[in-house]
Amino acid sequence: MVEIGKFNELRFIKKTDIGLILTDGEKEVVLPYVHAPQDAEPGDNLHVFVYIHSDGRLMATTETPIAMVGEFAFLEVVDVNEQGAFMNMGIGKDVFVPEREQKRPMQVGQKHVVFLYTDERNERITASSRLTDFIDQDKHDLDEGDEVSLIIFDESDLGYSAIINQKYAGLLYHNEVFEDLQAGDEKRGFVKKIREENKIDLSLQVIGFRHILDLKDTLLLELKENGGIINLGDKSSPEDIYNQLKISKKAFKKAVGSLYKERLVLVSDDSVKLVTKPVEIDDQAE
């Protein structure tokens, strides 16, 4: 069965004036010569992305789209008319966004996070910026501490909303984010907390003890690459720490404290220094 808006393995059966004819055994799909492998022979199976042409024919391309049906993506508006907008999919075939599926009116040149699906009436690839209609809000398979992929899609007074693993939605709180985020940004994140009604709090930093272990390795590498010293310490501002290490001051102090207790560094108000031999420290120091 040919899946529209996705990659398919189809058999090349013959050539025509406009391109190669491919089939799944039931339907025929046209692969224009411009996208066809030059060494393709009848009987070969070809890996192609399938869509419906404006004239209703099934068409294929070997190009890779920015996103496929069933995925969220950050796409640019390239045309607008009374019925809706068209967004660039990266394959020379634009995806249509009906006016009713636009959370906010779209304009040429703007970029929006959208979800791609097939219209039940005509099977054409369609997009929507009404994302909550396509997010699984009833259940999920996530645990606290899990590493996840994120797409930022909105900002509120609380923080940034993000698509999680192309399925769910969660929130990054403003007071826990130390960089400028924009809609469409793709980030590695972590599940910080799962609240009532399966609401998910997110973090851009590793959660728990594993976080400290990762940060210790990061700080040791930074020290070695900078001649054994980092010009950051107890009195450094959160902004300075984040700008240099991309971590919060709280996380920095925990990691430095752990290295200090292992007698690997010396700490002052404005620096952390790598030691080359064990030193005596006060075990009561924090």
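For the structure itself, look to the data block above.
Parameters and conventions
Residues numbered from 1 in each chain as written. Predicted model: local features only at pLDDT ≥ 70, side-chain atom pairs only at ≥ 80, totals over all residues. Heavy atoms only, no water. Helix = DSSP H or I, 4+ residues; strand = E, 2+ residues; numbered from the N terminus. Rg over C-alpha atoms; globule rule 2.2 N^0.38 Å. Buried < 20%, exposed > 50% of the residue type's maximum accessible area, 1.4 Å probe, protein only. Contact = heavy atoms within 4.5 Å. Lys, Arg positive; Asp, Glu negative; His and termini not counted. Charge placed at Lys NZ, Arg CZ, Asp CG, Glu CD. Phe/Tyr/Trp six-rings, centres within 6.5 Å; stacked < 30°, edge-to-face > 60°. Arc of directions from axis to C-beta. Pairing = 2+ DSSP bridges. Axes fitted to C-alpha atoms, helices over the stretch in contact; angles between N-to-C directions.

Novice: How should the overall build of the protein chain be read in this particular structure?
Specialist: Counting secondary structure elements, the protein chain contains 3 helices and 18 strands. For the protein chain, the C-alpha radius of gyration of 26 Å lies well beyond 19 Å, the compact-globule estimate for 286 residues. By its C-alpha atoms, the protein chain is 80 × 45 × 35 Å across when sized along the principal axes. In the protein chain, buried positions account for 42% of the 286 residues. For the protein chain, contacts bridging at least 24 residues in sequence account for 53% of all contacts bridging at least 6. A gap of 3 Å separates the mean positions of the 35 positive and 54 negative side-chain charges of the protein chain.

Novice: How do you make sense of the packing of aromatic side chains when you look at a structure like this?
Specialist: How two aromatic rings sit relative to each other is given by the distance of their centres and the angle of their planes. Here the structure, examined in full by the defined rule, presents 5 aromatic pairs. On the basis of an interplanar angle of 45 degrees and a centroid distance of 5.1 Å, the ring pair of Phe86 and Phe96 is categorised as tilted. One end of the pair, Phe86, is in strand β7 (residues 84-88); the other, Phe96, is in strand β8 (residues 94-98), with 10 residues separating them in the sequence. When its relative accessible area of 24% is taken as the criterion, Phe96 is described as partly exposed. Pairing Phe115 with Phe134 gives two aromatic rings, centres 4.6 Å apart and planes at 20 degrees, and the pair type is stacked. Of the two residues, Phe115 sits in strand β9 (residues 111-118) while Phe134 sits in the loop between β10 (125-128) and β11 (147-155), which places them 19 residues apart along the sequence.

Novice: Please explain unusual backbone geometry as it appears in this structure.
Specialist: Peptide bonds are trans in most cases, and residues, glycine excluded, mostly fall at negative phi. Phi is positive for Gln166, close to 60 degrees, though the residue is something other than glycine. Looking at where Gln166 falls in the secondary structure, it is placed in the loop between β12 (159-164) and β13 (168-173).

Novice: Explanation requested: helix α2 (residues 238-245) in the structure shown.
Specialist: Buried within α2 we find Ile241, Tyr242 and Leu245. Along the long axis of α2, the arc covered by the buried residues comes to 95 degrees, so they all point the same way. With respect to the buried face of α2, the exposed residues turned more than 90 degrees away are Glu239 and Asn243.

Novice: Would you mind going over the sheet that holds β13 with me for this structure?
Specialist: Sheet strands line up and pair through hydrogen bonds in the backbone, either parallel or antiparallel. Ordered in space as β11-β12-β13-β15-β14, the 5 strands form a closed barrel in which the pairing is mixed. Strand-to-strand twist across the sheet, computed as the mean angle between neighbouring axes with direction ignored, equals 55 degrees. Direction of pairing for β12 relative to β13: antiparallel, over a ladder of 6 bridges. Residue pairing in the sheet places Gly159 in a bridge with Tyr173 of β13.

Novice: Help me out: how do you make sense of the sheet that holds strand β18 (residues 272-274) in this one?
Specialist: Spatially, the 3 strands line up as an open sheet ordered β16-β18-β17, and their pairing is antiparallel. A single partner strand is all that each edge strand has here, and the edge strands are β16 (229-230) and β17 (265-267). Pairing geometry for β16 and β18, over 2 bridges, is antiparallel. Pairing of Ile230 across the sheet is with Val272, part of β18. This element, helix α3 (residues 249-261), spans β17 and β18 of the sheet and lies at about 125 degrees to β17.

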